[in-house]
Amino acid sequence: MNSRSRITSILDAKSLDSSVTGLQSFSLSELIIDSELDFELPSNLRLGHLAEAVVSGLIKLSTNYKVLYENVQIIDGKQTIGEVDFILEEVDSNQLLHLELAYKFYLYNPDISSVVLNNWIGPNRNDSLSQKLEKVKEKQFPLLNHDSAKFQFSDIDLGKVSQSLCLLVLLFIPYNYKGEFSPAYANAIKGYYLNIEKFKNFDHSENSYYLPPKLQWGMDPSEHQTWSIYNAIEQKVTDCIAQKQAPLCWMKNRDTFESFFITWW
């Protein structure tokens, strides 16, 4: 995996702002970075932890923020009750910031409710945007008020620490969906989704495909070099669907690239 491409893909991901989350938001565009976007990435991490490693590296490259703490487990007795992603310091103001980070892929299902926020779900329907926001509000942000956090961060005044969420999302809408979204959502839409029957009915004659492993999700398909014909990926797609796993698929047609999920539901 190309480290620079992976780093750039996360830096370019859109963050949902307070108009959606109802929380103070932090965008990676706030980082002032003058050096090369290239540093070593761990090879043994899951995607969420890899995104954290990238963001940590970006903050450390920046000239306007410092990382004071990262990935600090809050332990009450013998029980881990949560983890604080980052405590940052803004260089000029010395303002302290508790930053929670998430890197998520959500699909829009308009049949769930009439409330747009409630309709964004994970590709395998086992998480959702509304659940994530609830977790941040009810569990992750309140961690800083726990007595054990005061012990862990004894050298800083937690009463002066502000809190922000950096929720990096890549959004996918139903195939040929004509509904409109507010800019906060629209700017983060990266592709579409469809079920396996619709995918099989594509005209595959001029298309090439690649099924990226999860560590490559969110990267730019146009930078990928090795492509396959439909027959070469058909069985793998079928197997994923049988296991109730929605694969991400990249499609190339001449100089055009598309990214979409193939769903089992």
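The following paragraphs examine the structure supplied in this document. No experiment lies behind these values; they were computed from the predicted model shown.

A few words on the packing of helix 1 (residues 3-12) against helix 3 (residues 47-61). The interhelical angle for the contact between helix 1 and helix 3, taken along N-to-C directions, is 85°, at an axis separation of 10 Å. On the basis of their axis angle, the class for helix 1 and helix 3 is roughly perpendicular. Contact with helix 1, carried on its side by Arg6, Ile7, Ile10 and Leu11, involves Leu47, Leu50, Ala51, Val54, Val55 and Leu58 of helix 3 and no other residues of that element. Of the residues in the contact of helix 1 with helix 3, the class split is nine nonpolar, no polar and one charged.

Next up on the list: the nonpolar core. With 36 residues, the main nonpolar core has Ile10, Phe26, Leu28, Tyr103, Phe105, Leu168 and Phe261 as its most contacted residues. If sequence neighbours within four positions are ignored, Phe105 has contacts with Leu47, Ile121, Gly122, Pro123, Leu170, Phe172, Trp217, Gly218 and Phe261.

For Asn64, the position within the fold is in the loop between helix 3 and strand 2 (65-76). A residue is classified by how much of its surface remains accessible, and Asn64, at 9% relative accessible area, is buried. Among the polar contacts made by the side chain of Asn64, one reaches the main-chain amide nitrogen of Ile32 at a distance of 2.9 Å. Beyond its immediate chain neighbours, meaning those up to four positions away, Asn64 contacts Glu30, Leu31, Ile32, Glu89, Glu90 and Val91.

Moving on: the state of the cysteines. This model, assessed by the stated rule, comprises zero disulfides. Here Cys240 stays free of any disulfide, with the sulfur of Cys249 as its closest cysteine sulfur at 10 Å.

This brings us to helix 8 (residues 230-242). Counted at 1.5 Å a residue, the expected span for helix 8 with its 13 residues is 18 Å, and the 18 Å between its end C-alpha atoms agrees. Among all positions of helix 8, only Tyr230, Ile233, Val237, Cys240 and Ile241 are buried. For helix 8, the angular spread of buried residues about the axis comes to 90°, placing them on one side. Opposite the packed face of helix 8, turned more than 90 degrees from it, sit the exposed residues Asn231, Ala232, Gln235 and Ala242. The secondary structure elements touched by the buried residues of helix 8 are helix 7 (196-200), strand 8 (208-210), strand 9 (248-253) and strand 10 (256-263). Lys244 occupies a position one or two residues after helix 8 and carries a positive phi of about 55°.

Conventions adopted
Residues take numbers from 1 onward in each chain, read along the sequence in its written order. Since the coordinates come from a predicted model, pLDDT governs what is reported: local features require at least 70, and pairs of side-chain atoms require 80 or more to be given and counted, while whole-chain, interface and lining totals use all residues. In computing side-chain values, all of the structure's heavy atoms are included and hydrogens and water are not. Structural elements are reduced to axes, namely lines fitted to C-alpha atoms, with helices fitted over the stretch in contact, and the angle between N-to-C directions of any two is expressed from 0 to 180 degrees. Runs of H or I in DSSP of at least four residues are treated as helices and runs of E of at least two as strands, each being numbered from the N terminus. Each angle receives one of four descriptions, namely roughly parallel if under 35 degrees, roughly antiparallel if over 145, roughly perpendicular if within 65 to 115, and oblique otherwise. Contact definition: two residues touch when any of their heavy atoms are within 4.5 Å. Side-chain classes are defined by residue name, with Ala, Val, Leu, Ile, Met, Phe, Trp, Tyr, Cys and Pro counting as nonpolar, Asp, Glu, Lys and Arg as charged, and the others, Gly among them, as polar. Within this scheme, the nonpolar core is defined by two criteria: the residues are buried Ala, Val, Leu, Ile, Met, Phe, Trp, Tyr or Cys, and they are joined through side-chain atoms within 4.5 Å. Only protein chains enter the calculation, and the probe is 1.4 Å; a residue is then buried if its accessible area is under 20% of its type maximum, exposed if over 50%, and partly exposed in between. By the criterion applied in these results, polar contacts are pairs of N or O atoms within 3.5 Å in which, for protein atoms, one can donate a hydrogen and the other can accept it, and in which residues neighboring in sequence qualify only through two side-chain atoms. Only a pair of cysteine sulfur atoms within 2.5 Å counts as a disulfide in this structure description. Expected span of a helix: the number of residues minus one, times 1.5 Å. For this quantity, the arc is that covered by the directions from the helix axis to the C-beta atoms.

From the geometry alone we can't say anything about function, so treat these as descriptive.
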